[in-house]
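# Tertiary structure, described
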There are 2 protein chains.
Amino acid sequence: MDYSAMKPKEVRSLIRAGEITGPTAGMCSGYAQANLVILPKDLAYDFLLFTQRNPKSCPLLEVSDTGSRFLREIADGADIARDIPRYRIYRKGVLDGEMTDISSLWQEDFVSFLIGCSFSFESALLESNVPVRHIEEGRNVPMYKTNIPCTPAGVFRGNMVVSMRPIPHELVPRAVLITGEMPRVHGAPIHIGDPAAIGISDLFHPDFGDMVTIKDGEVPVFWPCGVTPQNVVMESKPPLAITHAPGHMLISDIRNTELKY
Amino acid sequence: MDYSAMKPKEVRSLIRAGEITGPTAGMCSGYAQANLVILPKDLAYDFLLFTQRNPKSCPLLEVSDTGSRFLREIADGADIARDIPRYRIYRKGVLDGEMTDISSLWQEDFVSFLIGCSFSFESALLESNVPVRHIEEGRNVPMYKTNIPCTPAGVFRGNMVVSMRPIPHELVPRAVLITGEMPRVHGAPIHIGDPAAIGISDLFHPDFGDMVTIKDGEVPVFWPCGVTPQNVVMESKPPLAITHAPGHMLISDIRNTELKY
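When pLDDT is averaged across chain A, the result is 95; 100% of the residues are at 70 or more. Overall fold confidence for the complex sits at a pTM of 0.91, while the interface term, ipTM, reaches 0.86.

Attention shifts here to the relation of the copies chain B and chain A. Mapping chain B onto chain A is achieved by rotating through 180° and translating by 0.0 Å along the same axis, at an RMSD of 0.0 Å. On this basis, the relationship between the two copies can be described by a two-fold rotation axis. Every residue of chain B has its C-alpha some distance from the rotation axis, and the shortest such distance is that of Tyr45(B), at 2.7 Å.

All names here are of chain B. Summarising the element assignment, Cys117 is placed in the loop between strand 5 (110-116) and helix 3 (119-127). With a relative accessible area of 5%, Cys117 lands in the buried category. Taking C-alpha positions, Cys117 is 6.3 Å from Asn35, a pair spaced 82 residues apart along the chain. If sequence neighbours within four positions are ignored, Cys117 has contacts with Gln33, Ala34, Asn35, Val185, His186 and Met249.

Residue and element names in this part refer to chain B. The antiparallel open sheet is built from 4 strands, whose spatial order is 6-7-9-8. Every other strand in the sheet has two partners, leaving strand 6 (143-149) and strand 8 (191-192) as the edge strands with one partner each. As judged from the 2 bridges shared by strand 8 and strand 9 (residues 218-224), these two strands associate in the antiparallel manner. By the bridge assignment, His191 is partnered in strand 9 with Phe222. Of the strands in this sheet, strand 6 and strand 7 (159-168) are in contact with helix 6 (residues 227-235), which crosses strand 7 at around 155°.

So, on to the sheet that holds strand 6 (residues 143-149) of chain A. Residues and elements named next belong to chain A. Pairing within the open sheet is antiparallel, and its 4 strands lie in the order 6-7-9-8. One side of each edge strand has no neighbouring strand; the edge strands of this open sheet are strand 6 and strand 8 (191-192). Pairing of strand 7 (residues 159-168) with strand 9 (residues 218-224) involves 7 bridges; the strand directions are antiparallel. The partner of Pro166 across the bridge, within strand 9, is Pro220. Those strands touched by helix 6 (residues 227-235) are strand 6 and strand 7, and its axis lies near 155° from that of strand 7.

Right, let's talk about the side chain of Ser163(A) for a bit. All names here are of chain A. Its location among the elements puts Ser163 in strand 7. For Ser163, a relative accessible area of 2% gives the class buried. For Ser163, the side chain forms a polar contact with the side chain of Arg165, separated by 2.8 Å. Those residues in contact with Ser163, other than ones at most four positions away along the chain, are Val141, Pro142, Met143, Val221, Phe222, Trp223 and Cys225.

Further remarks concern the pattern of salt bridges. Evaluated as defined, the whole model comprises 26 salt bridges over all chains. Among the salt bridges present, the one from Asp83(A) reaches Arg16(A), with a minimum N-O distance of 2.8 Å. Taken together, the residues Asp83(A) in the loop between strand 2 (60-63) and strand 3 (87-91) and Arg16(A) in helix 1 (residues 8-16) connect sequence positions 67 residues apart. It is possible to trace a salt-bridge network through shared partners that takes in Arg53(A), Asp65(B) and Arg72(B).

Residue and element names in this part refer to chain A. The topology assignment puts Gly67 in the loop between strand 2 and strand 3. Along the primary structure Gly67 and Val111 are separated by 44 residues, whereas in three dimensions their C-alpha atoms are 6.2 Å apart. Look past the residues within four positions of Gly67 in its chain and what remains in contact with it is Trp106, Gln107, Glu108 and Phe110.

Let's shift gears to the nonpolar core. Residues Leu39(A), Phe113(A), Leu39(B) and Phe113(B) are the most contacted members of the largest nonpolar core, which totals 68 residues. Residues in contact with Phe113(B), not counting those within four places in the same chain, are Asn35(B), Leu36(B), Val37(B), Leu39(B), Ala44(B), Phe47(B), Leu48(B), Leu60(B), Glu62(B) and Val63(B). Ranked by size, the runner-up nonpolar core spans 39 residues in total, among them Leu125(A), Val130(A), Ala175(A) and Leu259(A).

Here is what the cut-offs are and how they apply
Residues numbered from 1 in each chain as written. Chains lettered and ligands numbered in written order. Predicted model: local features only at pLDDT ≥ 70, side-chain atom pairs only at ≥ 80, totals over all residues. Heavy atoms only, no water. pLDDT = per-residue confidence, 0-100. Least-squares fit on C-alpha atoms with pLDDT ≥ 70 in both. Helix = DSSP H or I, 4+ residues; strand = E, 2+ residues; numbered from the N terminus. Buried < 20%, exposed > 50% of the residue type's maximum accessible area, 1.4 Å probe, protein only. Contact = heavy atoms within 4.5 Å. Pairing = 2+ DSSP bridges. Axes fitted to C-alpha atoms, helices over the stretch in contact; angles between N-to-C directions. Polar contact = N/O pair within 3.5 Å; in protein donor to acceptor, adjacent residues only side chain to side chain. Salt bridge = Lys/Arg side-chain N within 4 Å of Asp/Glu carboxyl O. Core = buried A, V, L, I, M, F, W, Y, C linked by side-chain atoms within 4.5 Å.

If you want it as C-alpha coordinates, here you go:
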(Lines give C-alpha, C1' and ligand atoms only; values in the text may rest on other atoms or scores of the structure.)
Protein backbone atom coordinates (compact mmCIF):
# COMPACT_ATOMS: atom_id res chain seq x y z
CA MET A 1 0.00 0.00 0.00
CA ASP A 2 1.43 3.40 -1.01
CA TYR A 3 0.44 5.66 1.85
CA SER A 4 2.48 8.57 0.48
CA ALA A 5 -0.07 9.28 -2.27
CA MET A 6 -3.16 8.88 -0.09
CA LYS A 7 -5.26 11.72 1.31
CA PRO A 8 -4.93 12.46 5.05
CA LYS A 9 -8.57 11.59 5.76
CA GLU A 10 -8.12 8.17 4.17
CA VAL A 11 -5.00 7.39 6.18
CA ARG A 12 -6.60 8.68 9.39
CA SER A 13 -9.51 6.30 8.87
CA LEU A 14 -7.07 3.38 8.44
CA ILE A 15 -5.36 4.46 11.66
CA ARG A 16 -8.72 4.73 13.42
CA ALA A 17 -9.58 1.21 12.26
CA GLY A 18 -6.32 -0.09 13.72
CA GLU A 19 -4.93 -0.99 10.29
CA ILE A 20 -1.95 1.36 10.66
CA THR A 21 -0.06 1.34 13.98
CA GLY A 22 3.45 2.34 12.85
CA PRO A 23 5.33 5.61 12.27
CA THR A 24 3.77 8.14 9.89
CA ALA A 25 6.95 9.44 8.22
CA GLY A 26 6.44 9.64 4.46
CA MET A 27 2.66 9.24 4.58
CA CYS A 28 0.42 11.71 2.71
CA SER A 29 3.22 13.51 0.92
CA GLY A 30 2.91 17.30 1.09
CA TYR A 31 0.66 17.37 4.16
CA ALA A 32 1.79 18.65 7.56
CA GLN A 33 2.02 16.29 10.51
CA ALA A 34 1.62 17.41 14.12
CA ASN A 35 2.88 16.60 17.61
CA LEU A 36 0.29 15.98 20.35
CA VAL A 37 0.18 16.90 24.03
CA ILE A 38 -3.02 16.20 26.01
CA LEU A 39 -3.33 17.76 29.46
CA PRO A 40 -6.16 18.18 31.97
CA LYS A 41 -7.79 21.62 31.94
CA ASP A 42 -6.23 22.75 35.21
CA LEU A 43 -2.81 22.73 33.51
CA ALA A 44 -4.04 23.96 30.12
CA TYR A 45 -3.81 27.70 30.85
CA ASP A 46 -0.20 27.50 31.96
CA PHE A 47 0.67 25.35 28.94
CA LEU A 48 -1.16 27.59 26.47
CA LEU A 49 0.69 30.58 27.95
CA PHE A 50 3.97 28.66 27.70
CA THR A 51 3.39 28.09 23.98
CA GLN A 52 2.50 31.78 23.50
CA ARG A 53 5.75 32.82 25.17
CA ASN A 54 7.87 30.22 23.35
CA PRO A 55 6.47 30.09 19.82
CA LYS A 56 9.71 28.90 18.20
CA SER A 57 9.90 25.65 20.12
CA CYS A 58 6.10 25.34 20.64
CA PRO A 59 4.34 26.54 17.46
CA LEU A 60 0.67 25.74 18.04
CA LEU A 61 -1.39 24.54 15.10
CA GLU A 62 -4.63 23.90 17.01
CA VAL A 63 -6.03 23.64 20.52
CA SER A 64 -9.17 21.57 21.05
CA ASP A 65 -12.20 22.65 23.02
CA THR A 66 -12.10 21.30 26.56
CA GLY A 67 -13.34 17.70 26.60
CA SER A 68 -13.77 17.51 22.84
CA ARG A 69 -12.11 14.64 21.00
CA PHE A 70 -12.71 16.28 17.63
CA LEU A 71 -10.51 18.70 15.73
CA ARG A 72 -11.86 21.18 13.21
CA GLU A 73 -9.08 23.44 12.02
CA ILE A 74 -6.17 21.30 10.88
CA ALA A 75 -7.89 17.91 10.48
CA ASP A 76 -11.61 18.05 9.85
CA GLY A 77 -13.47 15.49 11.91
CA ALA A 78 -10.33 13.86 13.28
CA ASP A 79 -10.85 11.95 16.54
CA ILE A 80 -7.81 12.80 18.63
CA ALA A 81 -8.33 9.69 20.78
CA ARG A 82 -8.11 7.27 17.84
CA ASP A 83 -6.54 8.92 14.79
CA ILE A 84 -2.90 8.74 15.89
CA PRO A 85 -1.24 5.32 15.42
CA ARG A 86 0.37 5.14 18.85
CA TYR A 87 0.12 7.15 22.08
CA ARG A 88 2.27 7.40 25.18
CA ILE A 89 0.68 7.63 28.61
CA TYR A 90 2.61 9.49 31.29
CA ARG A 91 1.66 9.47 34.98
CA LYS A 92 3.47 11.96 37.21
CA GLY A 93 5.93 12.49 34.36
CA VAL A 94 6.85 8.80 34.06
CA LEU A 95 6.03 6.71 30.97
CA ASP A 96 3.33 4.24 32.00
CA GLY A 97 2.69 2.55 28.66
CA GLU A 98 1.70 2.89 25.03
CA MET A 99 -1.74 2.46 23.45
CA THR A 100 -3.09 2.63 19.90
CA ASP A 101 -6.47 4.00 21.06
CA ILE A 102 -7.02 6.15 24.16
CA SER A 103 -10.84 6.25 24.09
CA SER A 104 -10.95 4.31 27.36
CA LEU A 105 -8.77 6.93 29.09
CA TRP A 106 -10.67 9.97 27.83
CA GLN A 107 -11.63 12.61 30.42
CA GLU A 108 -14.11 15.44 30.12
CA ASP A 109 -11.40 17.89 31.24
CA PHE A 110 -8.83 16.96 28.56
CA VAL A 111 -7.42 19.64 26.26
CA SER A 112 -5.43 18.59 23.17
CA PHE A 113 -2.55 20.70 21.86
CA LEU A 114 -1.35 20.08 18.30
CA ILE A 115 2.14 21.43 17.69
CA GLY A 116 3.97 21.94 14.39
CA CYS A 117 6.61 19.41 13.34
CA SER A 118 9.87 19.82 11.44
CA PHE A 119 8.80 17.17 8.88
CA SER A 120 7.17 20.14 7.10
CA PHE A 121 10.27 22.25 6.71
CA GLU A 122 12.42 19.24 5.85
CA SER A 123 10.34 18.60 2.76
CA ALA A 124 10.76 22.29 1.83
CA LEU A 125 14.55 21.98 2.28
CA LEU A 126 14.71 18.88 0.09
CA GLU A 127 12.64 20.55 -2.63
CA SER A 128 15.27 23.31 -2.73
CA ASN A 129 18.17 20.84 -2.89
CA VAL A 130 19.31 21.41 0.69
CA PRO A 131 20.34 17.96 1.94
CA VAL A 132 18.75 16.53 5.10
CA ARG A 133 21.31 14.08 6.43
CA HIS A 134 19.22 11.98 8.83
CA ILE A 135 16.74 11.27 6.03
CA GLU A 136 19.61 10.30 3.70
CA GLU A 137 20.97 7.99 6.39
CA GLY A 138 17.61 6.59 7.50
CA ARG A 139 18.02 7.76 11.10
CA ASN A 140 16.14 9.88 13.61
CA VAL A 141 17.25 13.53 13.74
CA PRO A 142 19.87 14.26 16.47
CA MET A 143 18.47 16.39 19.32
CA TYR A 144 20.24 18.17 22.18
CA LYS A 145 19.43 19.86 25.45
CA THR A 146 20.74 23.47 25.41
CA ASN A 147 21.38 26.25 27.91
CA ILE A 148 18.80 28.49 26.18
CA PRO A 149 16.07 29.14 28.75
CA CYS A 150 12.46 29.06 27.66
CA THR A 151 10.35 31.87 29.07
CA PRO A 152 8.56 30.27 32.04
CA ALA A 153 4.75 30.26 32.34
CA GLY A 154 3.06 29.19 35.55
CA VAL A 155 4.29 25.73 36.54
CA PHE A 156 6.17 25.20 33.27
CA ARG A 157 9.85 26.06 32.87
CA GLY A 158 12.96 24.56 31.29
CA ASN A 159 15.57 24.91 28.57
CA MET A 160 15.06 24.60 24.83
CA VAL A 161 15.74 21.30 23.06
CA VAL A 162 17.13 21.69 19.52
CA SER A 163 17.44 19.45 16.49
CA MET A 164 20.62 19.55 14.40
CA ARG A 165 21.10 19.21 10.65
CA PRO A 166 24.58 19.48 9.05
CA ILE A 167 24.32 21.89 6.10
CA PRO A 168 27.03 22.62 3.46
CA HIS A 169 28.29 26.08 4.38
CA GLU A 170 27.28 27.62 1.05
CA LEU A 171 23.67 26.45 1.57
CA VAL A 172 23.26 27.74 5.13
CA PRO A 173 21.71 31.08 4.07
CA ARG A 174 19.24 29.22 1.85
CA ALA A 175 18.31 26.90 4.73
CA VAL A 176 17.70 29.94 6.99
CA LEU A 177 15.50 31.66 4.42
CA ILE A 178 13.42 28.57 3.60
CA THR A 179 12.72 27.63 7.21
CA GLY A 180 12.34 31.28 8.27
CA GLU A 181 9.28 31.42 6.03
CA MET A 182 7.63 28.65 8.07
CA PRO A 183 7.29 29.92 11.66
CA ARG A 184 4.38 27.55 12.36
CA VAL A 185 6.78 24.60 12.13
CA HIS A 186 9.64 26.07 14.23
CA GLY A 187 10.88 28.63 11.67
CA ALA A 188 14.48 29.77 11.24
CA PRO A 189 17.41 28.16 13.08
CA ILE A 190 18.08 29.32 16.64
CA HIS A 191 21.85 28.90 16.20
CA ILE A 192 24.41 28.26 13.45
CA GLY A 193 27.83 26.77 14.16
CA ASP A 194 29.65 26.35 17.50
CA PRO A 195 27.64 23.91 19.65
CA ALA A 196 29.31 25.16 22.85
CA ALA A 197 27.72 28.59 22.38
CA ILE A 198 24.33 27.08 23.27
CA GLY A 199 25.58 24.70 25.94
CA ILE A 200 26.12 21.55 23.87
CA SER A 201 29.35 19.99 25.14
CA ASP A 202 29.45 16.86 22.97
CA LEU A 203 27.99 17.21 19.50
CA PHE A 204 28.68 13.56 18.74
CA HIS A 205 26.44 12.24 21.51
CA PRO A 206 22.96 13.72 21.12
CA ASP A 207 20.55 13.62 24.08
CA PHE A 208 17.77 12.21 21.88
CA GLY A 209 17.69 10.60 18.42
CA ASP A 210 20.73 9.39 16.46
CA MET A 211 24.03 10.96 15.45
CA VAL A 212 24.49 11.62 11.72
CA THR A 213 27.55 12.18 9.53
CA ILE A 214 28.96 15.71 9.36
CA LYS A 215 31.05 16.08 6.22
CA ASP A 216 33.94 18.46 5.51
CA GLY A 217 32.63 21.92 4.73
CA GLU A 218 29.36 21.38 6.59
CA VAL A 219 28.14 23.47 9.50
CA PRO A 220 25.92 22.15 12.30
CA VAL A 221 22.68 24.15 12.19
CA PHE A 222 20.30 24.03 15.18
CA TRP A 223 16.52 24.48 15.08
CA PRO A 224 14.05 24.77 17.99
CA CYS A 225 12.57 21.30 18.53
CA GLY A 226 9.09 20.04 19.36
CA VAL A 227 10.57 17.81 22.06
CA THR A 228 10.91 21.01 24.14
CA PRO A 229 7.23 21.24 25.18
CA GLN A 230 7.02 17.50 25.97
CA ASN A 231 10.13 17.73 28.12
CA VAL A 232 8.90 20.81 29.95
CA VAL A 233 5.52 19.21 30.61
CA MET A 234 6.99 15.95 31.94
CA GLU A 235 9.35 17.83 34.26
CA SER A 236 6.29 19.33 35.96
CA LYS A 237 5.06 15.76 36.69
CA PRO A 238 1.36 16.17 35.88
CA PRO A 239 -0.91 13.40 37.27
CA LEU A 240 -1.75 12.36 33.70
CA ALA A 241 -0.49 13.51 30.30
CA ILE A 242 -0.81 11.80 26.93
CA THR A 243 1.38 12.41 23.87
CA HIS A 244 1.91 10.78 20.49
CA ALA A 245 4.65 8.14 20.45
CA PRO A 246 7.77 9.52 18.72
CA GLY A 247 7.32 9.48 14.93
CA HIS A 248 3.65 8.47 15.22
CA MET A 249 2.09 11.82 14.38
CA LEU A 250 -1.30 13.29 13.57
CA ILE A 251 -1.55 13.69 9.78
CA SER A 252 -3.33 16.99 9.12
CA ASP A 253 -5.31 18.28 6.15
CA ILE A 254 -3.00 21.32 5.94
CA ARG A 255 -0.47 21.33 3.14
CA ASN A 256 3.08 22.21 4.12
CA THR A 257 3.00 25.13 1.70
CA GLU A 258 -0.03 26.59 3.53
CA LEU A 259 2.03 26.89 6.70
CA LYS A 260 3.73 29.99 5.31
CA TYR A 261 0.60 32.10 5.70
CA MET B 1 8.71 68.68 23.58
CA ASP B 2 9.49 66.37 20.65
CA TYR B 3 8.26 63.00 21.83
CA SER B 4 8.87 61.39 18.41
CA ALA B 5 12.64 61.29 18.96
CA MET B 6 12.50 60.11 22.59
CA LYS B 7 13.14 56.56 23.78
CA PRO B 8 10.11 54.50 24.88
CA LYS B 9 11.35 54.19 28.47
CA GLU B 10 11.62 57.99 28.77
CA VAL B 11 8.12 58.57 27.43
CA ARG B 12 6.70 55.79 29.63
CA SER B 13 8.20 57.49 32.69
CA LEU B 14 6.55 60.81 31.69
CA ILE B 15 3.26 58.94 31.29
CA ARG B 16 3.76 57.26 34.67
CA ALA B 17 4.38 60.68 36.25
CA GLY B 18 1.14 61.99 34.77
CA GLU B 19 2.93 64.44 32.49
CA ILE B 20 1.50 62.85 29.33
CA THR B 21 -2.21 61.99 29.29
CA GLY B 22 -3.00 62.31 25.56
CA PRO B 23 -2.84 60.03 22.50
CA THR B 24 0.48 58.36 21.72
CA ALA B 25 0.36 58.56 17.89
CA GLY B 26 3.72 59.76 16.57
CA MET B 27 5.61 59.22 19.83
CA CYS B 28 8.90 57.26 19.83
CA SER B 29 9.19 56.99 16.07
CA GLY B 30 10.04 53.47 14.90
CA TYR B 31 8.83 51.68 18.05
CA ALA B 32 5.75 49.45 18.14
CA GLN B 33 2.73 50.45 20.20
CA ALA B 34 0.29 47.95 21.68
CA ASN B 35 -3.40 47.59 22.53
CA LEU B 36 -4.30 46.51 26.08
CA VAL B 37 -7.03 44.21 27.42
CA ILE B 38 -7.01 43.35 31.16
CA LEU B 39 -9.27 40.53 32.33
CA PRO B 40 -9.66 38.56 35.55
CA LYS B 41 -7.98 35.12 35.51
CA ASP B 42 -11.23 33.17 35.25
CA LEU B 43 -11.74 34.61 31.74
CA ALA B 44 -8.07 34.56 30.76
CA TYR B 45 -7.96 30.99 29.44
CA ASP B 46 -10.88 31.52 27.07
CA PHE B 47 -9.39 34.83 25.89
CA LEU B 48 -5.91 33.39 25.40
CA LEU B 49 -7.45 30.55 23.38
CA PHE B 50 -9.48 33.09 21.37
CA THR B 51 -6.28 34.93 20.42
CA GLN B 52 -4.61 31.61 19.48
CA ARG B 53 -7.50 30.76 17.17
CA ASN B 54 -7.77 34.25 15.69
CA PRO B 55 -4.18 35.44 15.31
CA LYS B 56 -4.92 37.85 12.45
CA SER B 57 -7.27 40.06 14.42
CA CYS B 58 -5.69 39.30 17.84
CA PRO B 59 -1.89 39.08 17.37
CA LEU B 60 -0.52 38.76 20.90
CA LEU B 61 2.72 40.53 21.73
CA GLU B 62 2.83 39.65 25.45
CA VAL B 63 0.69 38.18 28.23
CA SER B 64 1.55 39.15 31.81
CA ASP B 65 1.87 36.75 34.71
CA THR B 66 -1.36 36.59 36.72
CA GLY B 67 -1.50 39.52 39.14
CA SER B 68 1.74 41.07 37.90
CA ARG B 69 1.68 44.72 36.86
CA PHE B 70 5.08 44.44 35.22
CA LEU B 71 5.94 43.50 31.66
CA ARG B 72 9.25 41.97 30.68
CA GLU B 73 9.19 41.05 27.00
CA ILE B 74 8.04 44.05 24.99
CA ALA B 75 8.56 46.86 27.53
CA ASP B 76 11.14 46.15 30.19
CA GLY B 77 9.95 47.23 33.62
CA ALA B 78 6.76 48.84 32.34
CA ASP B 79 3.99 49.14 34.94
CA ILE B 80 0.84 48.22 33.09
CA ALA B 81 -1.31 50.04 35.68
CA ARG B 82 0.40 53.41 35.15
CA ASP B 83 2.38 53.48 31.88
CA ILE B 84 -0.55 54.00 29.51
CA PRO B 85 -1.86 57.59 29.29
CA ARG B 86 -5.54 56.77 29.59
CA TYR B 87 -7.55 53.65 30.44
CA ARG B 88 -11.18 52.69 29.99
CA ILE B 89 -13.01 50.79 32.69
CA TYR B 90 -15.84 48.50 31.58
CA ARG B 91 -18.27 46.86 34.00
CA LYS B 92 -20.54 44.16 32.54
CA GLY B 93 -19.47 45.34 29.07
CA VAL B 94 -20.54 48.98 29.67
CA LEU B 95 -18.06 51.88 29.77
CA ASP B 96 -17.95 53.07 33.38
CA GLY B 97 -15.28 55.76 33.09
CA GLU B 98 -11.73 56.66 32.14
CA MET B 99 -8.66 56.90 34.38
CA THR B 100 -5.02 57.83 33.83
CA ASP B 101 -3.80 55.41 36.54
CA ILE B 102 -5.52 52.15 37.50
CA SER B 103 -3.35 51.27 40.51
CA SER B 104 -6.34 51.69 42.82
CA LEU B 105 -8.36 49.14 40.82
CA TRP B 106 -5.63 46.51 40.58
CA GLN B 107 -6.62 42.93 41.47
CA GLU B 108 -4.39 39.96 42.21
CA ASP B 109 -6.24 37.95 39.56
CA PHE B 110 -5.69 40.40 36.67
CA VAL B 111 -4.03 39.20 33.47
CA SER B 112 -2.86 41.79 30.90
CA PHE B 113 -2.94 41.05 27.17
CA LEU B 114 -0.85 43.27 24.88
CA ILE B 115 -1.98 43.07 21.26
CA GLY B 116 -0.21 44.33 18.13
CA CYS B 117 -1.38 47.57 16.52
CA SER B 118 -1.56 48.67 12.88
CA PHE B 119 0.51 51.80 13.65
CA SER B 120 3.49 49.50 13.02
CA PHE B 121 2.57 48.43 9.50
CA GLU B 122 1.40 51.93 8.57
CA SER B 123 4.90 53.26 9.14
CA ALA B 124 6.24 50.42 6.95
CA LEU B 125 3.73 51.34 4.19
CA LEU B 126 4.72 55.01 4.33
CA GLU B 127 8.43 54.15 4.15
CA SER B 128 7.68 52.29 0.90
CA ASN B 129 5.66 55.19 -0.56
CA VAL B 130 2.28 53.52 -0.11
CA PRO B 131 -0.08 56.34 0.95
CA VAL B 132 -2.06 56.03 4.20
CA ARG B 133 -5.08 58.23 3.66
CA HIS B 134 -6.33 58.71 7.24
CA ILE B 135 -2.88 59.91 8.28
CA GLU B 136 -2.78 62.33 5.31
CA GLU B 137 -6.22 63.63 6.28
CA GLY B 138 -5.58 63.73 10.04
CA ARG B 139 -8.44 61.36 10.85
CA ASN B 140 -8.97 58.07 12.64
CA VAL B 141 -8.87 54.99 10.40
CA PRO B 142 -12.34 53.83 9.20
CA MET B 143 -13.39 50.52 10.76
CA TYR B 144 -16.27 48.17 9.90
CA LYS B 145 -18.10 45.19 11.33
CA THR B 146 -17.99 42.28 8.86
CA ASN B 147 -19.74 38.94 8.34
CA ILE B 148 -16.44 37.07 8.79
CA PRO B 149 -16.88 34.89 11.88
CA CYS B 150 -14.02 34.62 14.35
CA THR B 151 -13.38 31.07 15.57
CA PRO B 152 -15.14 30.93 18.96
CA ALA B 153 -13.30 30.00 22.17
CA GLY B 154 -15.19 29.32 25.38
CA VAL B 155 -17.42 32.32 26.18
CA PHE B 156 -15.94 34.47 23.41
CA ARG B 157 -17.45 34.64 19.92
CA GLY B 158 -18.22 37.31 17.31
CA ASN B 159 -17.36 38.63 13.86
CA MET B 160 -14.14 40.26 12.74
CA VAL B 161 -13.83 44.05 12.70
CA VAL B 162 -11.64 45.39 9.86
CA SER B 163 -9.87 48.66 9.15
CA MET B 164 -9.92 50.09 5.60
CA ARG B 165 -7.23 51.95 3.70
CA PRO B 166 -7.78 53.09 0.08
CA ILE B 167 -4.74 52.06 -1.97
CA PRO B 168 -3.94 53.03 -5.60
CA HIS B 169 -4.61 49.85 -7.57
CA GLU B 170 -1.04 49.57 -8.83
CA LEU B 171 0.27 49.62 -5.23
CA VAL B 172 -2.08 46.97 -3.83
CA PRO B 173 0.38 44.07 -4.35
CA ARG B 174 3.10 46.08 -2.62
CA ALA B 175 0.78 46.80 0.33
CA VAL B 176 -0.03 43.08 0.61
CA LEU B 177 3.63 42.07 0.59
CA ILE B 178 4.74 44.70 3.11
CA THR B 179 2.01 43.98 5.64
CA GLY B 180 2.17 40.22 4.99
CA GLU B 181 5.68 40.30 6.41
CA MET B 182 4.33 41.60 9.74
CA PRO B 183 1.92 38.98 11.11
CA ARG B 184 2.44 40.18 14.69
CA VAL B 185 0.63 43.44 13.81
CA HIS B 186 -2.30 41.91 11.85
CA GLY B 187 -0.34 40.91 8.73
CA ALA B 188 -1.72 40.85 5.18
CA PRO B 189 -5.17 42.20 4.24
CA ILE B 190 -8.16 39.92 4.82
CA HIS B 191 -9.96 41.30 1.75
CA ILE B 192 -9.29 43.50 -1.28
CA GLY B 193 -12.07 45.29 -3.14
CA ASP B 194 -15.85 44.75 -2.98
CA PRO B 195 -17.04 45.65 0.53
CA ALA B 196 -20.27 43.64 0.11
CA ALA B 197 -18.24 40.41 -0.15
CA ILE B 198 -17.44 40.68 3.57
CA GLY B 199 -20.81 42.03 4.68
CA ILE B 200 -20.11 45.78 4.56
CA SER B 201 -23.25 47.36 3.13
CA ASP B 202 -22.26 51.03 3.32
CA LEU B 203 -18.58 51.77 2.82
CA PHE B 204 -19.15 55.49 3.37
CA HIS B 205 -20.46 55.10 6.91
CA PRO B 206 -17.90 53.15 8.97
CA ASP B 207 -18.99 51.56 12.25
CA PHE B 208 -16.00 53.07 14.09
CA GLY B 209 -13.54 55.86 13.24
CA ASP B 210 -13.88 58.37 10.40
CA MET B 211 -14.53 58.08 6.66
CA VAL B 212 -11.64 59.07 4.40
CA THR B 213 -11.43 60.09 0.74
CA ILE B 214 -11.27 57.28 -1.86
CA LYS B 215 -9.80 58.65 -5.08
CA ASP B 216 -10.29 57.43 -8.65
CA GLY B 217 -8.18 54.37 -9.29
CA GLU B 218 -8.01 53.42 -5.61
CA VAL B 219 -9.22 50.13 -4.17
CA PRO B 220 -10.55 49.73 -0.62
CA VAL B 221 -8.25 47.29 1.18
CA PHE B 222 -9.35 45.71 4.46
CA TRP B 223 -7.12 44.51 7.30
CA PRO B 224 -8.04 42.57 10.47
CA CYS B 225 -8.43 45.14 13.25
CA GLY B 226 -7.46 45.19 16.94
CA VAL B 227 -10.95 46.44 17.79
CA THR B 228 -12.11 42.83 17.19
CA PRO B 229 -10.89 41.42 20.53
CA GLN B 230 -12.22 44.40 22.53
CA ASN B 231 -15.63 44.03 20.87
CA VAL B 232 -15.74 40.30 21.45
CA VAL B 233 -14.77 40.72 25.11
CA MET B 234 -17.35 43.42 25.79
CA GLU B 235 -20.12 41.36 24.20
CA SER B 236 -19.47 38.68 26.81
CA LYS B 237 -20.17 41.33 29.53
CA PRO B 238 -17.39 40.46 31.99
CA PRO B 239 -17.87 41.88 35.52
CA LEU B 240 -14.75 44.03 35.06
CA ALA B 241 -12.46 44.63 32.07
CA ILE B 242 -9.93 47.39 31.51
CA THR B 243 -8.54 48.54 28.15
CA HIS B 244 -6.46 51.44 26.87
CA ALA B 245 -8.51 54.42 25.68
CA PRO B 246 -8.51 54.55 21.85
CA GLY B 247 -5.23 55.98 20.56
CA HIS B 248 -3.68 55.94 24.05
CA MET B 249 -1.39 52.95 23.61
CA LEU B 250 1.44 51.21 25.41
CA ILE B 251 4.71 52.28 23.78
CA SER B 252 6.94 49.20 23.62
CA ASP B 253 10.71 48.79 23.40
CA ILE B 254 10.30 46.67 20.23
CA ARG B 255 11.16 48.32 16.95
CA ASN B 256 8.60 47.92 14.17
CA THR B 257 11.24 46.25 12.02
CA GLU B 258 11.75 43.56 14.71
CA LEU B 259 8.12 42.50 14.32
CA LYS B 260 9.00 40.63 11.14
CA TYR B 261 10.84 37.89 13.01
